[in-house]
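# Summary of the model geometry
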Amino acid sequence: MRTHPVVGDSALALVLTGLSITTAVLAGTGTPSAGHGPIRAADALSLALITLTCLPLALRRRWPFVLLWLAELPQIALAALNYDGGLTGLVSLILLYTVAAYRGLALSLVAAAVASFAYVTSLILAHDPGGWPQQTVVAVVALAVWVVGRSVRLRRAYLAELVDRAERLERARESDTRAARAEERSRIARELHDVVAHHVSVMTVQAAAARKVLDTRPEAAKDALMAIEEMGRTAMREMRGIVGVLRTDGESGELAPQPGMGDLPVLVDQMREAGLRAQLWIEGERQVLPPGIDLAAYRLVQEALTNSLRHAGPAARAWVTVRHDPGELLVQVEDDGRGGNGRLARGPEDRPGHGLVGIRERVALYGGILRIGPRQGGGFEVRARFPLKD
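All of the points below concern the structure found in this document. Numbering of residues starts from 1 in every chain and runs along the sequence as written. Totals for whole chains, interfaces and linings use all residues, but because this is a predicted model, local features are given only for residues with pLDDT of at least 70 and pairs of side-chain atoms are given and counted only at 80 or more. Values reported for side chains reflect all heavy atoms of the structure, with hydrogen atoms and water molecules removed beforehand.

### Comments concerning the sheet that holds strand E1 (residues 277-283)
Threshold: Note on pairing: DSSP must find at least two bridges between two strands before they are called paired. Elements are defined by DSSP. Helices are runs of H or I of four residues or more, strands are runs of E of two residues or more, and each kind is numbered from the N terminus. The axes are straight lines fitted to the C-alpha atoms, using for helices just the contacting stretch, and the angles between their N-to-C directions are given from 0 to 180°. Contacts are residue-level and defined by heavy atoms, with any inter-residue pair within 4.5 Å sufficient.
With mixed pairing, five strands are arranged side by side in an open sheet as E1-E2-E3-E5-E4. One side of each edge strand has no neighbouring strand; the edge strands of this open sheet are E1 and strand E4 (369-374). Taken pair by pair, the neighbouring strands of this sheet meet at an average axis angle of 10°, ignoring direction. With eight bridges joining them, strand E2 (residues 317-325) and strand E3 (residues 328-335) adopt antiparallel strand pairing. Across the sheet, valine 322 pairs through a bridge with valine 331, a residue of E3. Running over the sheet, helix H8 (residues 264-273) touches E1 and E2 and is turned about 165° from E1. Helix H9 (residues 291-311) contacts E2, E3, E4 and strand E5 (380-387) of the sheet and is inclined by roughly 10° relative to E3.

Okay, here's the thing in structure tokens:
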């Protein structure tokens, strides 16, 4: 019935037509009316007028306002000719309800005025106004029908708004989910880049050193190979910790905490083993850092030392300074190598990567200030200030 409302409306029109004709035939017995003369017996004309009044109900949802006009005209003719209209008065109420429930407020008010005018006209032409109690009941019923129709329309509009709002919220949630996934993929890509770039760079340097001393100093070559092995294991362990969060069926034992500023001594020792003369200074009273800043500062030092190892030259030195100030964390990495003159000797395998871009994104994410450039007196410098907020 909801899928094909015309079927239900057609059945209603047929039933109401049959009942109206039956009532009109039974009522046309010559009983005097309160106005003038007896009620005329039902004939072909009255039955045709009753049919014209009731059958338009089949299309009431499509053209309710037009059909209200068309239904009132036969009812006025029935009253003027002193025929009994049966239940045709219900047609006006049904069409009035339909206009109020499916059309706007202005049109529903016009429909109420049309129905009232047609009813008054019928009373005048029939010379049978009836008593005031009867007219009061008719007016109250018509008003109640109109109010119910408006209430149904308002409720339907409210439910439609709720459905539309739910759909908008669902689309917004899906958009937020896609944005969160893209952000997480970007974060994981940065982490993987930092891990792979650092460890692979150190392993490359160690492998080159082992190759050079393999024939003359086998013990030194063995130490370099052992360092490469340990560095590879560390890289695998860190990568498992990064991508382990993406596994839904992985064991919790594969997950490990991300590195932080507390791991800087180990990082500096690794760079020393790789051939970079690095030193670490920590100034000020150490304080507990937010996890994000802790990881961002560590990755900054890691990327800066890796660049120094690759580009500063074989005899370069590097200094890492970490200063804990009230409300601020300063991280500075300097070297005295060839990076300061802007003429880095890069081979085909040393194409510019995303390291500096990743550093800038990390520092900017936490409202920090970053400086990357040549150092006074030669060399290269990376300095970042992270504000420490509550």
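### Overview of helix H1 (residues 5-27)
The test is simple: For a helix, the expected span equals 1.5 Å multiplied by the number of residues minus one. Only protein chains enter the calculation, and the probe is 1.4 Å; a residue is then buried if its accessible area is under 20% of its type maximum, exposed if over 50%, and partly exposed in between.
With 23 residues, H1 should reach 33 Å at 1.5 Å per residue; the first-to-last C-alpha distance of 33 Å fits that figure. Looking at H1, one finds that the buried residues are Gly8, Asp9, Ala13, Leu16, Thr17, Ser20 and Ala24. Turning to H1, the residues buried within the fold contact helix H2 (44-54) and helix H4 (89-102).

### Notes on the nonpolar core
A general feature of soluble globular proteins is that nonpolar side chains tend to end up buried together. The cut-off we apply is this: Remark: nonpolar core denotes a set of buried residues (Ala, Val, Leu, Ile, Met, Phe, Trp, Tyr, Cys) joined through side-chain atoms within 4.5 Å.
Grouped together as the largest cluster of nonpolar side chains are 33 residues, with contacts concentrated most on Val301, Leu305, Leu329, Val331 and Phe386. For this core, the secondary-structure elements that each account for two or more residues are H8, H9, E2, E3, helix H10 (355-365) and E5. The greatest single-element share of this core, amounting to nine residues, is contributed by H9. One finds Ile50, Leu78, Val91 and Ala111 within the second-largest nonpolar core, a separate group that totals 21 residues.

### Concerning the environment of serine 151
With respect to the helices, strands and loops of the structure, serine 151 is situated in helix H6 (residues 132-213). A relative accessible area of 42% places serine 151 in the partly exposed class. For the pair serine 151 and alanine 101, spaced 50 residues apart in sequence, the C-alpha separation works out to 7.5 Å.

### Some remarks on the packing of aromatic side chains
Put simply, the test is: Each Phe, Tyr or Trp ring (for Trp, its six-membered ring) is paired with any other whose centre lies within 6.5 Å, and the angle between the two planes then decides the class: stacked below 30 degrees, edge-to-face above 60, tilted in between. Any Lys NZ or Arg CZ found within 6 Å of a ring centre and within 35 degrees of that ring's normal is scored as a charge over the ring.
As enumerated under the stated definition, the model contains one aromatic pair in all. In this structure, arginine 62 is placed above the aromatic ring of tryptophan 63, and the distance from its NZ or CZ to the ring centre is 5.5 Å. The cationic tip of arginine 156 hangs over the ring face of tyrosine 102; the distance from NZ or CZ to the ring centre is 4.6 Å.

### So, the pairing of E2
The cut-off we apply is this: By convention, orient the strands away from the viewer: a clockwise path from the first strand over the helix to the second makes the crossover right-handed.
Alignment of E1 against E2, held across seven bridges, turns out to be parallel. Of the residues in E2, the one forming a bridge with tryptophan 281 is threonine 321. In terms of handedness, the path from E1 via H9 over to E2 forms a crossover that is left-handed. The antiparallel hairpin formed by E2 and E3 contains two residues in its connecting segment, where glycine 327 sits at a positive phi of about 75°.

### Quick word on the packing of H8 against H9
Rule in force here: Working rule for angles: under 35 degrees goes down as roughly parallel, over 145 as roughly antiparallel, 65 to 115 as roughly perpendicular, anything else as oblique. In this classification, the charged set is Asp, Glu, Lys and Arg, the nonpolar set is Ala, Val, Leu, Ile, Met, Phe, Trp, Tyr, Cys and Pro, and all remaining amino acids, among them Gly, are polar.
At a minimum axis separation of 11 Å, H8 and H9 run at an interaxial angle of 10°. What the angle tells us is that H8 and H9 run roughly parallel. The segment H8 lies against H9, with Leu264, Leu267, Val268 and Met271 engaging Tyr298, Val301, Gln302, Leu305, Thr306 and Leu309. A breakdown of the residues in the contact of H8 with H9 according to their chemical character gives eight nonpolar, two polar and no charged.

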